[in-house]
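Secondary and tertiary structure notes
Letter by letter, the chains look like this.
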Amino acid sequence: MSAHYQLTGTTAVDISASIESGIRTGALSPGAALPPVRALAAELGVSPATVARAYQELRQRGLLATAGRHGTRVRPRPPVAARRSALRPPPLPGARDLSRGEPDPRLLPPLGPHLAALATENGPSVGYSDAGVLPELAEVARARLRADGVPVGELTLTGGALDGIERLLGAHLRPGDAVAVEDPGWANLLDLVAALGLRPIGVPVDDEGPLVAGVAAALAAGARALIVTSRAQNPTGAAVSAARAEALRTLLAGRRDLLLIEDDHAAELARVPLHPLAGATASWAFLRSVSKPFGPDLRMAVLVGDETTVARVSGRTRVGAGWVSTVLQRLVLALWRDPAVTELVQRAAQSYEQRREGLLAALAEHGLTAHGRSGINVWLPVADETSTVTALRDAGWAVAPGALYRIAAPPALRITVSSLDTADLVALAAALARAENPPPSQGFPT
Ligand SMILES: Cc1ncc(COP(=O)(O)O)c(C=O)c1O
């Protein structure tokens, strides 16, 4: 914890407000350690139960995490907006930033021509009473999903895959319920699960998706929902294989007490076939985002699922946000229908594949085994995340420490290859090898 930040309060409400305010102002940065309950209680002159209640409230809202001997800390991305000055500092000037997990903006289809076309022929205006999913968009979305073997029943739209997951979890689960998530898994999802007051149960992942034994263990531990990334799993690049899908479908067959959510965020960018689990359980939803192939700023995903699940999400959306803007739906439809855009997306997919496979091969030459079957990230197991990230930073590369993505999985780094030039692959692999196996010191002992 910052030496300058003084926690205050004599009630649980005031103590938690003081912590929240520290997070907002940046005095308590992500990862900052809070004092042990007894120490803070003694300092503030209150009972340990009062401090424990304050910590508990902030844990349930996803601001704090308590992990055994690591004590209580501010979560990596607590769900409270911090002042700009409190945000993560940018990488050192001149450093190559491979830490962000974003598609390469140079490989996204340009929106300008389709926005210009919409400006002249946007179609009839839509108001509160007739808004919803455009029938022509639903038709194209269904055809695209059916072509990939997804059983398409009911359909709705959400403001992206993560928004869909939040709405699904909100519609089926209650705070305190357990959710099975991939371990390692997407950091934002772990943050969302914490912010909803849900309990994550980590399911180990290999290159073919979640391990069957891990899912079985999560079910035995009472998981009420299971979230599976179909392809381009973040951070490992795993993709659910045909054999794994079959084994998982057998395990899940007919379960009535589990909500199955599939996140196909890479969608048209994935260079591996889809093997969906959709329909194996009574309650299920399959989400396909437009973020990665067409641009994260579009904020739209297609959600299909069983009748009850889709009705809950679309009904809840109706009484809140309302609908996904028809202007946006028309834009996405125009992108889907444009063969030149399809061609650009295919080229982007190819380019990501080349960079990923190039980095895996370059690392293998140094004897390093990394993962990255699909998508824009490579996952490299390392002995010590902190020292490797620091050594790489000194060599001019910013990468993401695996701790952001792990529950019980062993240490690793996530390297986003989307904006990596092929010319840099050899230098990066050499820097990673040096960071992982530093040469013995040549200097005289001092
Ligand atoms: C596994 C996973 N799901 C979903 C998303 C984002 O989807 P959306 O932008 O549609 O919320 C990401 C983005 O990195 C991701 O890694």
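Residues numbered from 1 in each chain as written. Predicted model: local features only at pLDDT ≥ 70, side-chain atom pairs only at ≥ 80, totals over all residues. Heavy atoms only, no water.

Residues Val-304 and Trp-336 are the most contacted members of the largest nonpolar core, which totals 53 residues. Top element by residues in this core is helix α12 (residues 326-337). It accounts for 6 residues. Residues within four places of Val-304 in sequence aside, it is in contact with Leu-145, Val-150, Val-152, Glu-154, Leu-155, Trp-284, Ala-285, Phe-286 and Val-310. Judged by nonpolar contacts, the second largest core, of 24 residues, contains Leu-359, Leu-368, Leu-380 and Leu-432. (Core = buried A, V, L, I, M, F, W, Y, C linked by side-chain atoms within 4.5 Å. Buried < 20%, exposed > 50% of the residue type's maximum accessible area, 1.4 Å probe, protein only. Helix = DSSP H or I, 4+ residues; strand = E, 2+ residues; numbered from the N terminus. Contact = heavy atoms within 4.5 Å.)

This part takes up the pattern of salt bridges. Where charged atoms from two side chains of opposite charge come close, those side chains can pair. Counted according to the given criterion, the structure contains 20 salt bridges. With a closest N to O distance of 2.8 Å, Arg-75 and Asp-191 form a salt bridge. Taken together, the residues span a long stretch of sequence, with Arg-75 in the loop between β2 (72-74) and β3 (96-97) and Asp-191 in helix α7 (residues 187-195) at a distance of 116 residues. The same class applies to Arg-75 and to Asp-191, which are both buried. The closest approach of N and O atoms between Arg-288 and Asp-264, which form a salt bridge, is 2.9 Å. Here Arg-288 is found in strand β10 (residues 283-289), whereas its partner Asp-264 is found in strand β9 (residues 259-264), with 24 residues between them in sequence. (Salt bridge = Lys/Arg side-chain N within 4 Å of Asp/Glu carboxyl O.)

It is worth spelling out helix α5 (residues 135-147) at this point. Its 13 residues give α5 an end-to-end C-alpha distance of 18 Å, which sits within 8% of 18 Å, the value for a rise of 1.5 Å per residue. Gly-149 sits one or two positions beyond α5 and adopts a positive phi of about 85°. (Expected span 1.5 Å × (residues − 1).)

Let us now look at the side chain of His-172. Residue placement: His-172 occurs in helix α6 (residues 161-172). Within the structure, the side chain of His-172 is placed 3.3 Å from the side chain of Thr-309, a separation counted as a polar contact. Apart from residues lying up to four places away in sequence, His-172 is in contact with Arg-224, Leu-259, Ser-283, Thr-309 and Arg-312. (Polar contact = N/O pair within 3.5 Å; in protein donor to acceptor, adjacent residues only side chain to side chain.)

Within this structure, the stated rule accounts for 2 aromatic pairs. The interplanar angle of 85° and the centroid separation of 5.8 Å between the aromatic rings of Tyr-128 and Trp-323 together place this pair among those described as edge-to-face. In this pair, Tyr-128 sits in the loop between α4 (112-120) and α5 while Trp-323 sits in the loop between α11 (307-318) and α12, placing the two residues 195 residues apart along the sequence. Given a relative accessible area of 73%, Tyr-128 falls into the exposed group. (Phe/Tyr/Trp six-rings, centres within 6.5 Å; stacked < 30°, edge-to-face > 60°.)

Let's shift gears to the pairing of strand β8 (residues 223-229). Where burial is concerned, most of β8 is hidden: 6 out of the 7 residues are buried. In this structure, strand β5 (residues 178-183) lies alongside β8, joined through 3 bridges in parallel fashion. Its bridge partner lying in β8, Ala-180 is registered against Leu-226. Sheet topology places β8 next to β9; 5 bridges connect them, and they run parallel. Within β9, the residue paired with Ala-225 across the bridge is Leu-259. The parallel pair β8 and β9 is bridged by helix α9 (residues 242-252), and the resulting crossover is right-handed. (Pairing = 2+ DSSP bridges. Right-handed = clockwise from strand over helix to strand, strands pointing away.)

Without other data, these values stay purely geometric and don't point to any function.
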